[in-house]
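# Overview (structure and organization)
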Amino acid sequence: PAELKTVEAGKLHMSTNAAFPPYEMTTDNGGFEGIDVEVAEAIAKKLGLELVVDDMDFDAAQVAVQQGKSDICMAGLTVNEERKAVMDFSDTYATGIQVIIVKEGSDVTLDTLGDQLIGTQRGTTGETYCTDDYGADHVVPYDNGITAVQALMNDQVDCVVIDSAPASEFVAANPGLVILDTEYTNEDYAIGFAKGNTALLEAVNGALAELTADGTVQSILDKYIVA
Ligand code: GLN
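Rules of the game
Residues numbered from 1 in each chain as written. Predicted model: local features only at pLDDT ≥ 70, side-chain atom pairs only at ≥ 80, totals over all residues. Heavy atoms only, no water. Helix = DSSP H or I, 4+ residues; strand = E, 2+ residues; numbered from the N terminus. Contact = heavy atoms within 4.5 Å. Areas by Shrake-Rupley, 256 points an atom, 1.4 Å probe, with all protein chains shown as cover. Lys, Arg positive; Asp, Glu negative; His and termini not counted. Charge placed at Lys NZ, Arg CZ, Asp CG, Glu CD. Phe/Tyr/Trp six-rings, centres within 6.5 Å; stacked < 30°, edge-to-face > 60°. Buried < 20%, exposed > 50% of the residue type's maximum accessible area, 1.4 Å probe, protein only. Near = heavy atom within 4 Å. Polar contact = N/O pair within 3.5 Å; in protein donor to acceptor, adjacent residues only side chain to side chain. Nonpolar A, V, L, I, M, F, W, Y, C, P; charged D, E, K, R; others polar. Domains from an automatic or database assignment. Core = buried A, V, L, I, M, F, W, Y, C linked by side-chain atoms within 4.5 Å. Arc of directions from axis to C-beta. Salt bridge = Lys/Arg side-chain N within 4 Å of Asp/Glu carboxyl O.

### Re the overall build of the chain
Tallying secondary structure elements over the chain gives 8 helices and 12 strands in all. By sequence separation, contacts in the chain at least 24 residues apart represent 72% of the contacts at least 6 residues apart. Carbon and sulfur atoms make up 48% of the accessible area of the chain, which totals about 10400 Å². Each charge sign in the chain was given a centre, from 11 positive and 39 negative side chains, and these centres are 9 Å apart.

### Things to note about unusual backbone geometry
Here the amide bond leading from Pro21 into Pro22 is cis, since omega sits at 5 degrees, within 30 degrees of zero. Residue placement: Pro22 occurs in the loop between β2 (19-20) and β3 (24-26). The phi dihedral of Asp155 is positive, around 60 degrees, even though this residue is not glycine. Along the chain, Asp155 turns up in the loop between α5 (145-153) and β10 (159-163).

### Focus on the packing of aromatic side chains
In the structure shown here, the tally under the stated rule is 2 aromatic pairs. Arranged with centres 6.2 Å apart and planes meeting at 40 degrees, the rings of Phe20 and Tyr23 form a pair that is tilted. A residue is classified by how much of its surface remains accessible, and Phe20, at 6% relative accessible area, is buried. Owing to a relative accessible area of 1%, Tyr23 belongs among the buried residues under this scheme. Plain terms: the ring middles of Tyr23 and Tyr189 are 5.1 Å apart, the flat faces sit at 85 degrees to each other, and that makes the pair edge-to-face.

### A short note on the site of the ligand
Taken together, 13 residues form the shell around the ligand, and within it Gly76, Thr78, Gln121, Thr125 and Asp163 come nearest. Thr78 is positioned such that a nitrogen or oxygen atom in its side chain is 2.7 Å from a nitrogen atom of the ligand. Here an oxygen atom of the ligand sits 2.8 Å away from a polar atom, N or O, in the side chain of Arg83. Starting from 300 Å² of accessible surface for the ligand in isolation, the protein chains cover 100%. Considering only residue class, the shell around the ligand consists of 5 nonpolar, 5 polar and 3 charged. Lining the shell around the ligand are residues from two domains, each supplying at least three of them: domain 1 (11-94 + 187-224) and domain 2 (96-185).

### Focus: the nonpolar core
Counting residues in hydrophobic clusters, the biggest one holds 48 residues, and the most contacted among them are Ile72, Ile101 and Ile191. Looking at this core, the element that brings in the most residues is helix α1 (residues 35-46), giving 7 residues. The two domains that each donate at least three residues to this core are domain 1 (11-94 + 187-224) and domain 2 (96-185). Not counting residues within four places of it along the chain, the set of residues in contact with Ile191 comprises Ile43, Ile72, Cys73, Met74, Asp88, Phe89, Ser90, Tyr93, Val204 and Leu208.

### Side note on α5
All buried positions along α5 are accounted for by Gly145, Ala148, Val149, Ala151 and Leu152. Projected down its long axis, α5 carries its buried residues within an arc of 155 degrees, all on one side. On the buried face of α5, the contacting elements are β7 (87-103), β8 (118-121), β9 (139-142), β10, α6 (164-173) and β11 (177-179). The residue sitting at the N-terminus of α5 and contributing the capping side-chain oxygen is Asn144; that oxygen lies 3.0 Å from the backbone nitrogen of Ile146.

### Some details on the environment of Thr212
Mapped onto the elements, Thr212 comes out in helix α7 (residues 198-213). When the C-alpha positions of Thr212 and Tyr93 are compared, they lie 8.0 Å apart, and in sequence the two are 119 residues distant.

### Quick look at the pattern of salt bridges
Per the stated rule, a full pass over the model turns up 7 salt bridges. Lys223 is the salt-bridge partner of Glu38, the closest N and O atoms lying 2.6 Å from each other. Pair noted here: Glu38 is in helix α1 and Lys223 is in helix α8 (residues 216-224), with a separation of 185 residues, a long-range link. Judged by relative accessible area, which is 53%, Lys223 ranks as exposed. A salt bridge links Glu210 to Lys46; its shortest N-O distance comes to 3.0 Å. In this pair, Glu210 sits in helix α7 while Lys46 sits in helix α1, placing the two residues 164 residues apart along the sequence. With a relative accessible area of 45%, Glu210 lands in the partly exposed category. Judged by its relative accessible area of 40%, Lys46 falls in the partly exposed class.

This is the structure we're talking about:
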């Protein structure tokens, strides 16, 4: 295949926020792991590129790809109309559900969210939905999901709205937290590109299709998401 033009020759730069388990997280020795990291590694390999993970805040990870400072944004990134206006998306490779984390024994429900102080991660769909539905006064954005959950533990917020997979990990790691059954919304995750970066998008979609067809994507999901 013709050589793909990337930010750095021979490399595939992925901007992400590595505080979103099990999609992306840091390892003890300073590396990165998770569903997105492994899928990106498999895509990079198919394209003959070396994956480089650029870790930053979630909102910055989106801006980086939009401005051509990274090649792909892979961050449990939800596809929506607002984002389609500023970036292009690959085919979907995973899905997420926004859920509500509360302290055990809390009387918060989906129906009373409008009376609560809701912790979210800055720049996420969870922040947007809660701001649209309940007003900015009810939403406290944090740099990442982990700090939002710490704020809940410290009673600085009444609940946290975040994607289901990281929510399960945060609840498992912090006794005294529970996830409400109520599903707040359903979302598709895809890889983000700078608008008009069609050559790379098509190459990545081709690789993703092969990795989906041969079961690689599913086996990576199964490895990290414990039902
Ligand atoms: N799926 C959510 C979004 O795209 C959250 C992603 C994240 O926090 N990494 O807004």
